[in-house]
Protein chains: 2
Amino acid sequence: MTDNIDLSCPLPGQQYPRVVLAHGGGGRLMLRLIDDCFRRAFDNPLLNRQGDGACFELNGSTAMSSDAFTVSPLFFPGGDIGSLAIHGTANDLAMCGARPRYFSASFILEEGLPMADLQTLVNSMAAAASTAGITIVTGDTKVVERGKCDGLYITTTGIGELLAGARARPPGPEQIEAGDCIIVSGPVGDHGTAIMSLRENLAFEEPLLSDAAPLFPAVRALYDADIPVHCLRDPTRGGLATLLNELASGARLGVRVAEATIPVRPAVHDACELLGLDPLYVACEGRFVAVLPSTGATRAVEVLKQCGCDQAAVIGEFNAEHPGTVVLENRIGGSRVLDLLSGEQLPRIC
Amino acid sequence: MTDNIDLSCPLPGQQYPRVVLAHGGGGRLMLRLIDDCFRRAFDNPLLNRQGDGACFELNGSTAMSSDAFTVSPLFFPGGDIGSLAIHGTANDLAMCGARPRYFSASFILEEGLPMADLQTLVNSMAAAASTAGITIVTGDTKVVERGKCDGLYITTTGIGELLAGARARPPGPEQIEAGDCIIVSGPVGDHGTAIMSLRENLAFEEPLLSDAAPLFPAVRALYDADIPVHCLRDPTRGGLATLLNELASGARLGVRVAEATIPVRPAVHDACELLGLDPLYVACEGRFVAVLPSTGATRAVEVLKQCGCDQAAVIGEFNAEHPGTVVLENRIGGSRVLDLLSGEQLPRIC
């Protein structure tokens, strides 16, 4: 954004080219923004009732999850903050073993945001939601002064229905047993590396794309195949290494993973070398870890490959040896502890 | 905040005095913030499962509502952004005729936010939720660089269960009939006037307090008394006048209200004169409008008074004369159209 932005009122009948404070003021301009931008993109009967909230029927075991999205930049290779705001929250529901159903979307807009960018991002949300069978039923819009936000922030909250298998045995670290194997659904570190390369203006022969994508289809396939899933979790902020530490701590078991079995794309590997990052700590937005009895491992990997997770792989197992500790065996037979990072590796990655 | 803030690491064992970017990085520092600040304040078994989402049983008609809170300043007479983030969303559920139950809370924190302020606001949320019978089951924390937020923004999303009366006849503008009376539950304009007076450094003999408070108890009382409620709505951004316009438009009926019957506190009236505001367009955060058959009006006002709404009053009615138009009769018998405002009256009021 340049410093001199024309926020003046357009001619009658024309659209404002940028968001102004009055778009959040509760008056005619806000109602028009909601109608022209949000309601048109998210169109559905529940949203169209225009109440203070949405009403629908729910029966049985329900999952609820919420994420605030502040990723910078707003547009990146393989996605944008709009589609990410749908996939991110939908994937958290999938990790509960739930089918994502009803979403709310709340927007904090910065004065001066180009209206065309807002419309593109809202359309991207609508497309991601539609593909995933999600209905956006309610939401909110606030506008803050220039310099009190960074374009826009989106918070989505989702409600989902637990699959029968997840109702019978809710997936979680407390279900993990010594001997359980750890499967990752695909190569790790793509999302964070794509964002960081863009920020640092790095270009590679093989383009780096975010892996942001819905995880529910693969989760459903595991349950449909009667795989006895013990735990599901997606490695977002902090990456695979942080996730494994959380699981080891939650299960009060040790984790041993073999570096050579963890899929990392060559381009991600090279970019991480240049950026001084360890791909095991870099966020994914379209991968998950499934923990299950080792007897089900081969079948689970087959099922995942059948639904597009070509590089799904068993990467290690839980043991009773060093509760709370994650040990990485490297390619030459040595081993080291994969610890939690104290601080920040990648700010504003999601 | 001053420009020179010490964001350095404190001595081992000590708390960081301010939020740093690493508090949102997904590592050890973020997990400690979640444990020490959020989980301690919101403590409950559903939250404590620490999954990607929360799971619970829901049966039947469900309402869902979401609001982003960006109010400035964060602390104001009669409340703060923390309690407001609970009351605001809970009240939207109450306006659906629903009992607020499960909430998510997502935080966007600005680097440099004093940790003591964050803790105070989180404690305030916890207290407001506890009083209202609300369980905060899931959430998220992001940290953005200084100058990309204004202290903190909070988005809450709530799920509620519809009361039997609301299930039988869901309250909404489409239920409104010509002849229905309009009741307001108390004096209007308190919240917005309190915020604006604070921003403008105005002091009055009678202190101006926000009216932010839970509306569900009064709504339940109306349904418990078998009052045939047709519509419920709370006048937040845009105030009573904007709300009446939305109802007139949604019901395709006209509205006639008598200025002399609309309760406005003398201090609010005086402050609005000084600030150049019309109290009818100023936000409330603890009042609502109920629309119901005129035969139930007296009883409804009695019921509201019994549950603390001392100044509840019938202020007008719907008619078939001028669909979509709100007419205000003034104190000397004249009348004027109360229109929607085009633009912004009060930025960042909630």
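Residues numbered from 1 in each chain as written. Chains lettered and ligands numbered in written order. Predicted model: local features only at pLDDT ≥ 70, side-chain atom pairs only at ≥ 80, totals over all residues. Heavy atoms only, no water.

*Asks:* Would you explain the pattern of salt bridges in this entry?
*Replies:* Side chains bearing opposite charge may pair, as long as their charged atoms lie close to each other. Here the structure, examined in full by the defined rule, presents 34 salt bridges over all chains. Notably, a salt bridge pairs Lys-142 of chain B with Asp-140 of chain B, separated by 2.6 Å at the nearest N-O pair. Residues Asp-190 of chain B and Arg-287 of chain B are paired through a salt bridge, measuring 3.5 Å at the closest nitrogen-oxygen approach. On the criterion of sequence distance, the pair formed by Asp-190 of chain B in helix α6 (residues 190-199) and Arg-287 of chain B in the loop between α9 (266-275) and β10 (289-292) is long-range, its members being 97 residues apart. Arg-287 of chain B matches Asp-190 of chain B in its accessibility class, with the two residues each being buried. Overlapping salt bridges, with partners in common, bring together Glu-145 and Lys-148 of chain A together with Asp-150 and Arg-348 of chain B in one network. (Salt bridge = Lys/Arg side-chain N within 4 Å of Asp/Glu carboxyl O. Helix = DSSP H or I, 4+ residues; strand = E, 2+ residues; numbered from the N terminus. Buried < 20%, exposed > 50% of the residue type's maximum accessible area, 1.4 Å probe, protein only.)

*Asks:* I tried to follow the sheet that holds strand β9 (residues 254-258) of chain A on my own but got confused; where do I start?
*Replies:* What links the strands of a sheet is backbone hydrogen bonding, and the strands pair in either a parallel or an antiparallel sense. All names here are of chain A. If you trace the seven strands from one edge of the open sheet to the other, you get β8-β10-β7-β11-β9-β12-β13, paired in mixed fashion. Every other strand in the sheet has two partners, leaving β8 (231-233) and β13 (335-337) as the edge strands with one partner each. If you compare each strand with its neighbour and ignore which way they point, the axes differ by 25° on average. (Pairing = 2+ DSSP bridges. Axes fitted to C-alpha atoms, helices over the stretch in contact; angles between N-to-C directions.)

*Asks:* Teacher, can you tell me more about the interface of chain B and chain A here?
*Replies:* The parts lose accessible area when they come together, and the size of an interface is often stated as this lost area. Residue-level contacts link 75 residues of chain B with 76 residues of chain A. Carbon and sulfur atoms supply 50% of the area that chain B and chain A bury against each other, a total of about 6000 Å² over both sides. Contact with chain A buries surface across chain B, with Asp-52, Met-64 and Arg-237 of chain B losing the most and accounting together for 14% of the total. The salt bridge partner of Lys-148 of chain A is Asp-150 of chain B, with a shortest N-O separation of 3.9 Å. Only α1 (28-42), β1 (54-69), β4 (98-110), β5 (135-144), β6 (152-162) and α8 (239-251) of chain B provide two or more residues apiece to the side of chain B that touches chain A. When grouped by side-chain class, the residues that make up the side of chain B that touches chain A number 29 nonpolar, 27 polar and 19 charged. Two elements, strand β1 (residues 54-69) of chain A and β1 of chain B, share 11 bridges in a ladder whose sense is antiparallel. Within β1 of chain B, the residue paired with Ala-54 of chain A across the bridge is Met-64 of chain B. (Contact = heavy atoms within 4.5 Å. Buried area = accessible area lost by both parts, 1.4 Å probe. Nonpolar A, V, L, I, M, F, W, Y, C, P; charged D, E, K, R; others polar.)

*Asks:* For this particular structure, what's the right way to read the relation of the copies chain B and chain A?
*Replies:* Both copies of the chain are related by one operation, a rotation about an axis with a shift along it. Superposing chain B onto chain A takes a rotation of 180° plus a shift of 0.0 Å along the axis, which leaves an RMSD of 0.0 Å. With respect to symmetry, the two chain copies, as superposed, fit the operation of a two-fold axis. Most of the interface of chain B is mirrored in chain A: 100% of its interface residues are interface residues there too. (Least-squares fit on C-alpha atoms with pLDDT ≥ 70 in both.)

*Asks:* Got a minute to help me understand the packing of aromatic side chains in this structure?
*Replies:* Here a ring pair, both rings aromatic, is described through the centre-centre distance and the interplanar angle of the planes. Under the counting rule described, the total for this entry stands at six aromatic pairs over all chains. Here Phe-38 of chain A and Phe-42 of chain A contribute two aromatic rings whose centre-to-centre distance is 6.4 Å and whose plane-to-plane angle is 35°, an arrangement assigned as tilted. Placement of the pair is Phe-38 of chain A and Phe-42 of chain A together in helix α1 (residues 28-42), with a separation of four residues, close to one helical turn. Accessibility classification places Phe-38 of chain A together with Phe-42 of chain A in one group, the buried group. Relative to Phe-107 of chain B, the ring of Phe-38 of chain B has its centre 4.5 Å away and its plane inclined at 40°; by these criteria the two rings are tilted. With Phe-38 of chain B in helix α1 and Phe-107 of chain B in strand β4, this residue pair connects regions lying 69 residues apart in the sequence. Residue Phe-38 of chain B shares its accessibility class with Phe-107 of chain B, and that shared class is buried. A connected cluster of aromatic rings, assembled from ring pairs, spans Phe-38, Phe-42 and Phe-107 of chain A. Over the face of the ring belonging to Phe-69 of chain B we find Lys-142 of chain A, whose NZ or CZ atom lies 5.5 Å from the ring centre. (Phe/Tyr/Trp six-rings, centres within 6.5 Å; stacked < 30°, edge-to-face > 60°. Lys NZ or Arg CZ within 6 Å of the ring centre and 35° of its normal.)

*Asks:* Help me understand the environment of Ala-126 of chain A, please; the structure alone is not making it clear to me.
*Replies:* Residue and element names in this part refer to chain A. Relative to the helices and strands, Ala-126 is located in helix α4 (residues 115-131). Residue Ala-126 is classed as buried on the basis of its relative accessible area, which comes to 15%. Taking the C-alpha atoms as reference, Ala-126 lies 22 Å from Arg-287; in sequence the two are 161 residues apart. Beyond its immediate sequence surroundings of up to four residues, Ala-126 is in contact with Ala-41 and Phe-42.

*Asks:* Looking at this structure, I do not really get the confidence of the model for chain A. What am I missing?
*Replies:* Overall, the predicted model of chain A reaches an average pLDDT of 93, with 95% of residues at or above 70. Model confidence for the complex is summarised by a pTM of 0.95, with the ipTM given as 0.95. (pLDDT = per-residue confidence, 0-100.)

*Asks:* What exactly am I supposed to notice about the pairing of β6 of chain B here?
*Replies:* Each regular strand displays side chains that alternate between the two surfaces of the sheet. All names here are of chain B. Within β6, 10 of the 11 residues are buried, which leaves it mostly tucked inside the rest of the structure. Pairing between β1 and β6: eight bridges, direction antiparallel. Counted as the bridge partner of Asp-67 is Thr-156 from β6. Across 11 bridges, β4 lies against β6 in antiparallel orientation. Bridging across to β6, Tyr-102 finds its partner in Ile-159.

*Asks:* Would you explain the side chain of Thr-89 of chain A in this entry?
*Replies:* Residues and elements named next belong to chain A. You can see Thr-89 is positioned in helix α3 (residues 81-94). Overall, Thr-89 belongs to the buried group, its relative accessible area being 0%. The residues touching Thr-89, leaving out its near neighbours within four places in the chain, are Ser-65, Ser-66, Asp-67, Phe-69, Phe-103, Thr-156, Thr-157 and Gly-158.

*Asks:* I would appreciate a short explanation of unusual backbone geometry in the present structure.
*Replies:* Going from Ser-72 of chain A to Pro-73 of chain A, the amide bond is cis rather than trans, its omega being 0°. Relative to the elements of secondary structure, Pro-73 of chain A occurs in the loop between β1 and β2 (75-76). In this model, Arg-252 of chain A sits at a positive phi of 55°, which is unusual for a non-glycine residue. Secondary-structure assignment places Arg-252 of chain A in the loop between α8 (239-251) and β9. Arg-252 of chain A gets classed as exposed once you look at its relative accessible area, which sits at 68%. Its identity as a non-glycine residue notwithstanding, Asn-201 of chain B has a phi of 60°, on the positive side. Structurally, Asn-201 of chain B is set in the loop between α6 and α7 (216-224). Residue class for Asn-201 of chain B comes out exposed when judged on its relative accessible area of 71%.

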